[in-house]
Amino acid sequence: SLVTGPDGQQYEVYLVKTPRVATKHMAWTAGGRIFVNYSQLMESGAMYKYLVDNEQKAAMLKEMGVTPAQFMQIFGSTKSKKGVYEFLIQHEMSHNRNNDSAVYPRIADTGRLDLMHPDAIAIEMRATLDGMSDGQKAMLAKMLKKNKQVAKAAAVSARREDEQRAKMAADLKAGRIT
């Protein structure tokens, strides 16, 4: 089917029921066309599993400051397959618009994509943010704010525990407690 991107460009989108080449990807881009792995999309929990099992996606989410479970919340309580499908298409459109295949880091010896290179993680993060609706981005911003607050509270708590341990050690050493 044809889908119009935010840039007004039309993209051909194909639902691939049985990929010719075994792939763990949820979606990919080739020749300006977007392919969505339909069988994987329909599998319950596949997107979450993909985020956890894919080393690059896990590193990207960590860099973003969210867990895979938190990220899945942007798709709603039902983890809507339609929402995931729309996200995947927008994500792949971002790769096309930004000509990522030409700038993606490669391993010098083999020429293969260097998926764990910091620039590759940054490209995936940008495509992920581009793939989100404004409402999803707002949810992500709330999560990040909450995560920072939780991290700050945990740091304060850890510092207090350290101070208490140090005080107890000093009291033991001074003989004030036995």
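First, a word on scope: everything that follows refers to the structure included in this document.

Thresholds applied
- Residues numbered from 1 in each chain as written.
- Predicted model: local features only at pLDDT ≥ 70, side-chain atom pairs only at ≥ 80, totals over all residues.
- Heavy atoms only, no water.
- Pairing = 2+ DSSP bridges.
- Helix = DSSP H or I, 4+ residues; strand = E, 2+ residues; numbered from the N terminus.
- Salt bridge = Lys/Arg side-chain N within 4 Å of Asp/Glu carboxyl O.
- Buried < 20%, exposed > 50% of the residue type's maximum accessible area, 1.4 Å probe, protein only.

A separate point is the pairing of strand S2 (residues 10-16). Here strand S1 (residues 2-4) pairs with S2 via 3 bridges, running antiparallel. Across the sheet, threonine 4 pairs through a bridge with glutamine 10, a residue of S2. Once S1 ends, the chain turns through 5 residues before running back antiparallel as S2, passing glycine 8 with a positive phi of about 85 degrees. Where S2 lies against strand S4 (residues 33-37), 4 bridges are found, and the strand directions are parallel. Looking across to S4, one finds that valine 16 is bridged to asparagine 37.

Attention now moves to the pattern of salt bridges. Enumeration over the complete set of coordinates arrives at 8 salt bridges. The shortest N-O distance in the salt bridge between aspartate 171 and lysine 167 comes to 3.1 Å. Of this pair, aspartate 171 and lysine 167 both sit in helix H8 (residues 134-174), separated by 4 residues, roughly a single helical turn. Of the residues examined, aspartate 171 reaches a relative accessible area of 13% and is grouped as buried. Look at lysine 167 and you get exposed, because its relative accessible area is 54%. Look at the salt bridges and you will find they share partners, linking Arg97, Asp100, Arg126 and Asp130 into a network.

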